Amino acid sequence: MFNSFEGNYKSKRSINLGGQKKQEDKEALVRNTQEQRRARDIERLKKKSAAKIQAFFRGRTVTRNLRDQERASWDQQAEFILRSDIPRRDVATTLINLVRSFLFFYRPLSDGQRELCLCNILRKQNLDLEIIFVPFYYEDLRNVWAYQLKKVLLIFLRSVGSNSIYDKKNVVHYLEALMLTMDVKKYGSSGQSVGGRETAQGILEYLKTEDKNNPATRSIANLSVHPFHILASTHPIYQLALQDFITHIFTISSLPSHLSKEALIIFSRRTLYDLILRLSTIPRNNWNAEQASILLSNLVVFTHRIVKQMSNPVFLAYLTVLQNLSLQIPIRSLLDKSSAEVIVNDDDSDDDIITEGRPETSLVKIDPVVLKRISYMFDRQYLISVFEFSKDSNYATFLKVTNFLLTLMIRWPSKKTELLNNMTYGALSTPEIRLSISLIWEAFKKSDLANLLPTSQSIPLNYFTDSTYSEQWGMFALLCELFSQILLIMGDDEFFDEGRNPLRLSEIVDISTCLKNVGFTLYWNSPSLKMDLVVDGGCISFIYLRDTVTKLLRQIHARDSRRRFTSPDHWLMISESEISTFAKTVVDEDQELERDQEKNNVDKRQRISISPRLGILYSIPFVIPFDERVKIFRQFVRNDRERSSGHHPFFEPRTHVTIRRNHVFEDGYAHLNAAGARLKNSVGIQFIDEFGIQEAGIDGGGLFKEFLTSLTRIAFDTNFGLFLSTKEQLLYPNPQAYARQDERLNYYEFIGRILGKALYEGILVDAAFAGFFLSKWLGRTSYLDDLPSLDPELYQGLIILKNYKGNVESDLSLNFTVVDDEFGEQRTIELEEGGSDIPVTNENRIRYIYLMANYRLNKQIERQCKSFFRGLSDLIKPKWLRMFNQVSLSLKFDPLIRTLQDASVIENSLFSKQQELQILVGGAYIPINLEDLRRNTVYAEYKDDDPVIIHFWKVVSEFSEEQKQKLIKFVTSCSRPPLLGFKELNPKFSIRRAGSGTRLPSSSTCVNLLKLPAYPDEDTLREKLSYAINADVGFDLS
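About the criteria used
Residues numbered from 1 in each chain as written. Predicted model: local features only at pLDDT ≥ 70, side-chain atom pairs only at ≥ 80, totals over all residues. Heavy atoms only, no water. Helix = DSSP H or I, 4+ residues; strand = E, 2+ residues; numbered from the N terminus. Buried < 20%, exposed > 50% of the residue type's maximum accessible area, 1.4 Å probe, protein only. Contact = heavy atoms within 4.5 Å. Phe/Tyr/Trp six-rings, centres within 6.5 Å; stacked < 30°, edge-to-face > 60°. Lys NZ or Arg CZ within 6 Å of the ring centre and 35° of its normal. Axes fitted to C-alpha atoms, helices over the stretch in contact; angles between N-to-C directions. Parallel < 35°, antiparallel > 145°, perpendicular 65-115°, else oblique. Left-handed = near helix turned anticlockwise from the far one by under 90°. Nonpolar A, V, L, I, M, F, W, Y, C, P; charged D, E, K, R; others polar. Pairing = 2+ DSSP bridges. Expected span 1.5 Å × (residues − 1). pLDDT = per-residue confidence, 0-100. Core = buried A, V, L, I, M, F, W, Y, C linked by side-chain atoms within 4.5 Å. Salt bridge = Lys/Arg side-chain N within 4 Å of Asp/Glu carboxyl O. Polar contact = N/O pair within 3.5 Å; in protein donor to acceptor, adjacent residues only side chain to side chain. Patch = residues over 30% accessible without salt bridge, like charges linked within 9 Å, V, L, I, M, F, W, Y side chains within 5 Å. Areas by Shrake-Rupley, 256 points an atom, 1.4 Å probe, with all protein chains shown as cover.

**Q** So what's going on with the overall build of the chain? Residues and values would help.
**A** Per the secondary structure count, the chain includes 47 helices and 14 strands. Evaluated residue by residue, the chain yields a buried proportion of 54% over its 1038 residues. Contacts spanning at least 24 positions in sequence make up 74% of the contacts within the chain whose residues lie at least 6 apart.

**Q** For the environment of Cys119, give the residues involved together with the corresponding values.
**A** Take Cys119: it is sitting in helix 3 (residues 112-123). Along the primary structure Cys119 and Glu176 are separated by 57 residues, whereas in three dimensions their C-alpha atoms are 9.0 Å apart.

**Q** Lay out the environment of Ser447 with the relevant residues and their values.
**A** By the element assignment, Ser447 lies in the loop between helix 19 (437-444) and helix 20 (448-452). For the pair Ser447 and Tyr469, spaced 22 residues apart in the sequence, the C-alpha separation amounts to 8.9 Å. Ser447 has contacts with Tyr395 and Gln472, leaving out every residue within four places of it along the chain.

**Q** Describe the packing of aromatic side chains, and please don't skip the residues or the numbers.
**A** Evaluated as defined, the whole model comprises 45 aromatic pairs. Summarising the aromatic geometry, the rings of Phe520 and Trp524 are spaced 5.7 Å apart at their centres and angled 10° between planes, so their arrangement reads as stacked. A residue pair is termed a helical-turn pair when its members lie 3 or 4 positions apart in one helix, as Phe520 and Trp524 do in helix 24 (residues 505-524) at four residues. By relative accessible area, Trp524 is classed as partly exposed at 33%. Within the aromatic cluster, the residues linked to one another by ring pairs are Phe716, Phe723, Tyr748, Phe769, Phe773, Trp777 and Phe868. Between the NZ or CZ atom of Lys415 and the centre of the ring of Phe378, over which it lies, the distance is 5.9 Å. One residue, Arg661, lies across the ring of Phe687, its end atom 3.9 Å from the ring centre.

**Q** Hey, could you go over the packing of helix 13 (residues 312-327) against helix 17 (residues 395-411) for me, with residue numbers and the actual values?
**A** With their axes 10 Å apart at the nearest point, helix 13 and helix 17 run at an angle of 25° to one another. Between helix 13 and helix 17, the crossing angle belongs to the class labelled roughly parallel. For the crossing formed where helix 13 meets helix 17, the hand is left-handed. Residue-level contacts link Asn312, Phe315, Leu316, Leu319, Thr320, Leu322, Gln323, Ser326 and Leu327 of helix 13 to Ala396, Thr397, Lys400, Val401, Asn403, Phe404, Thr407 and Arg411 of helix 17. A breakdown of the residues in the contact of helix 13 with helix 17 according to their chemical character gives eight nonpolar, seven polar and two charged.

**Q** Which residues make up the pairing of strand 7 (residues 817-822), and what values go with them?
**A** Sheet analysis places strand 7 next to strand 8 (residues 825-830), joined by six bridges and oriented antiparallel. Residue Val819 lies in a different strand from strand 8, and its bridge partner there is Thr828. Connecting the antiparallel pair strand 7 and strand 8 is a turn made up of two residues, with Phe823 showing a positive phi of about 55°.

**Q** Pulling in residues and values, what's your account of helix 25 (residues 542-562)?
**A** Between its terminal C-alpha atoms helix 25 stretches 30 Å, which fits the 30 Å expected from 21 residues at 1.5 Å a residue. Extensive coverage of helix 25 is indicated by the burial of 20 of its 21 residues.

**Q** I'd like a rundown of the packing of helix 26 (residues 576-595) against helix 29 (residues 612-619), residues and numbers included.
**A** Contact geometry of helix 26 with helix 29 gives a least axis separation of 9 Å together with a crossing angle of 105°. The angle between helix 26 and helix 29 places the two elements in the roughly perpendicular class. Residue-level inspection shows Phe582, Thr585, Val586, Glu589, Asp590 and Leu593 of helix 26 in contact with helix 29, the latter providing Arg613, Leu614, Leu617 and Tyr618. Classifying every residue of the contact of helix 26 with helix 29 by side-chain character gives six nonpolar, one polar and three charged.

**Q** How would you explain the confidence of the model for the chain if you had to name every residue and give the values?
**A** Mean pLDDT for the chain: 81, with 82% of residues reaching 70 or above. Across residues 338-361 the pLDDT falls below 50, and counting only partners more than four positions away or on other chains, this stretch makes 74 contacts in the model. Every residue in residues 890-913 is under pLDDT 50, and counting partners more than four places away or in other chains gives 49 contacts.

**Q** Tell me about the nonpolar core, residues and numbers included.
**A** Phe476 and Trp777 are the most contacted members of the largest nonpolar core, which has 229 residues in total. Ranked by residues supplied to this core, first place goes to helix 22 (residues 470-488) with 12 residues. The residues contacting Phe476, other than those within four sequence positions of it, are Phe444, Leu453, Cys514, Leu515, Val518, Leu545 and Val549. Grouped together as the second largest cluster of nonpolar side chains are 41 residues, Val91, Ile96, Trp145 and Leu153 included.

**Q** Pulling in residues and values, what's your account of the sheet that holds strand 13 (residues 1002-1004)?
**A** The four strands are arranged 11-12-14-13 in an open sheet whose pairing can be described as mixed. The sheet is open, and its two borders are formed by strand 11 (937-940) and strand 13, each paired with just one other strand. Pairwise comparison of adjacent strand axes, ignoring direction, gives a mean angle of 30° for this sheet. The pairing of strand 13 with strand 14 (residues 1009-1014) spans three bridges and is antiparallel. Bridge pairing links Ser1004 to Leu1009 in strand 14. Running at roughly 55° to strand 13, helix 46 (residues 961-972) makes contact with strand 12 (989-996), strand 13 and strand 14 of the sheet.

**Q** So what's going on with the pattern of salt bridges? Which residues, and what values?
**A** Per the counting criterion, the structure on display carries 47 salt bridges. Between Glu494 and Lys802 there is a salt bridge, with the nearest N and O atoms lying 2.9 Å from each other. Placement of the pair is Glu494 in helix 23 (residues 492-495) and Lys802 in helix 36 (residues 792-802), with a sequence separation of 308 residues. Assigned by exposure class, Glu494 and Lys802 land together as buried. Among the salt bridges present, the one from Lys877 reaches Glu594, with a minimum N-O distance of 2.8 Å.

**Q** How would you sum up the environment of Gln864? Please name residues and give values.
**A** If you trace the backbone, Gln864 turns up in helix 39 (residues 862-872). Overall, the relative accessible area of 0% leaves Gln864 in the buried class. Expressed as a C-alpha distance, the spacing of Gln864 and Pro733, which sit 131 residues apart in the sequence, is 6.6 Å. At a separation of 3.4 Å, a polar atom in the side chain of Gln864 contacts the main-chain carbonyl oxygen of Gln860.

**Q** Please set out a nonpolar patch on the surface residue by residue, giving values where relevant.
**A** On the surface, Val62, Leu66 and Phe104 cluster together to form a nonpolar patch covering roughly 250 Å² of accessible area. The exposure class of Val62 is partly exposed, given its relative accessible area of 47%.

**Q** Run through the side chain of Arg284, naming residues and quoting values.
**A** Here Arg284 is to be found in the loop between helix 11 (261-279) and helix 12 (289-303). The residues contacting Arg284, other than those within four sequence positions of it, are Asn324, Leu327, Gln328, Val534, Val535 and Gly538.

**Q** An account of unusual backbone geometry is requested, with residue identities and associated values reported.
**A** Despite not being glycine, Ser813 shows a phi value in the positive range, around 55°. Structurally, Ser813 is set in the loop between helix 37 (808-812) and strand 7. At Glu941, a position not held by glycine, the phi torsion is positive, near 65°. For Glu941, the location among the structural elements is in the loop between strand 11 and helix 45 (947-958).

Pasting the structure below:
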């Protein structure tokens, strides 16, 4: 404990000669003590480390010396075994000792010559046998030698693979030694007749467990092919080796580039087809995504030029393997970002997203080289070879081909449109190889499903989950995809011309029946089905099938709505006895979802699983009668109003706004635009006339209706600049550049908000919108069939281009650009990047048609529509609008309208077909039904049989249709009747006695009241009433 000891156990006192005692605080003392302890620890660590280094150095020195001694001894033994003829037993023991010593001292950098010497020793003949096989003669040496031999061969492999052999001529010696161990016959001549194959297989198995990325990969791959050159394909060992080859060798990335020419010949001639058949029996979940991608790329490289040479059984197995491996790779991993094409979105923004078969939790990165080789499946000649099998083969082959093509579309969505276009109009549509929609339909009619789907509204679930039908569902899904793609670029004139439509109308009706039954069943049973499940043997999930069916179903229904070719009740799926229960339940389920915030935040697919009825209502609404959907919509609004805080119809309006009649739009925008969703609450209007005087009257709702009517009349006036009209006087947002300025976009948002308020309050708006604009309200994209309403000349030109028989590029000289003309100034817009340098050809003309229609119908008005919809959705939830279509509604066959008017009158009217959303916004453009109005009219101080009332109805019955509409507008502020008839008018249409004499009739639009004086005769009543309804003045007339 003391540094020194001088016989005095007491420590010497420390004397400070400076005369001052040094004060040291406690913290400094502790710190100094810690530093001293740390210094001692460091010193001890240095001593310990030095001891370890010295021991390590001594050990390495001793080991190096031992290795050097072993090398000297090894050199003598090697020379002895190479130059002497000694007994075979001595050869075996000497060889084992030699190899044991070699494995001890071997270092690649210093023992290259000894390695080559050992290789030559192993290859040397001893009598009639190579020395490498001599130890196998002796049972007590076999296991030791097999273990040592594996280690030595692995060293040889690494040396060959790493190019560390200086004299390249010696490489062949190493390979010969390696090949010897693969020669099963040699083991038999060595006396190991029973276990020779197992030994060779064991050596192969040991070698191929090496890292596939190391430099020895090429040697391993070439060696692994060698057994298939020796063994008969019927031998059991062959099948075992094949399985191991698939698992360990065929999963080497870019395998073909690792194989020598000789190995490629051996593999392609003898093994490839056996490998395909073996792979087809392995369940796809045996492979992870990385393995599946490498297996797929290797298989495609080996086979993409020889598909035609396959026998039918091999071809069927081949398609099965391709499908199984593709399904194991996540879609996102297959997307090549650098080369992925721009896809024209052909699905709804929210509800038509086609998903893959299973959820993908993590992204697997795949080598771009692997992706490129997988893409050989989209090579034209490759697909032609696949198509040719389907033309001449049986039904089973046709099933496989259709499922394979569908798999390509699902797993490579960026290639889907191109593939479908090529099948319908492009390189793959020639008569010799064409896999046409009619051919698929004829094949599907032979399936078991074809007998069930048209007859069963509720399809048994086992038809979906049983693997027996999985490939039939795949063929049905391809039928849907192909026909859906055809309809995107088919006008109505072509659709109804059976010479240009690939399917007859009767066949389309049959297909629509199948679609309707499948879609309804999948929506109704979504809670009990695992919707993302891919059934064994198939390539699609239930959710993919449902979305694909829904998409085509909507397209066919749209065509039928514009020009009916089905029976009146073809689309309805719920009987009259069940509809009331359905409506009540769907409203209750929506209420529950709104109350449960956790469920309310789920996406659409999850919402469908929670409430299948809501799924039906929002996805295929046309299976429910239109009048029932209107009732459900109104109930949704009432429920939402109740959830809004503080609303009560008899309370004073929450917001009071003063509006100058000469500045209705400006004042409305200034006072109400910022309200947002608060517009759901009541708004009170005070009008100021053109003289600056407040108009008389208290707003009970009627003044707001008048304000809203006046505002929309201004906003939708084409002279105002926000909207233009088609030749049919249908409105759509102005596509010109100035309409995309920020201020104008704010106007669009305000108009959307005001229109939402009208829908929310049930106020009809006197405006008719173009179908392609209404489709934006549903979040959907418009296509070529909507173009005639906007630009019929462009539509006809694109149809001519689609069917042009000559050389499009040289004859028409088009490119991927469009010219916009605004106020005399022309601008060239590229339809895609570099479009001015891309000529339109026979091969890409369909894409040009897509992009041109997309630009005119969607892109030009995209920002305007988004702003409009942003305002609209503040009050009207987007899901509510999805209960209705933007397509035409045939009034003749609708049960609501049929109760109001004689069908023959409607059929002969100009408005025999209207759009559901349009009817919801503006009412039905039908004649005023006086009988319905009279049945739903109440009287105050009058009776039904009073002479004035009798004269009133007689005069009104003699009015023209325009005068009747003006009368309705005079009393209710809207010229059209309520959607569900005058029984829905609240308050009821009323007539009250307003004294006598010659004063004019007046009205209170807030309560739908006509104040009618007791005129002495019919002529006076006609004169005064006609003057009043044509005066078009404000509330002051009252």
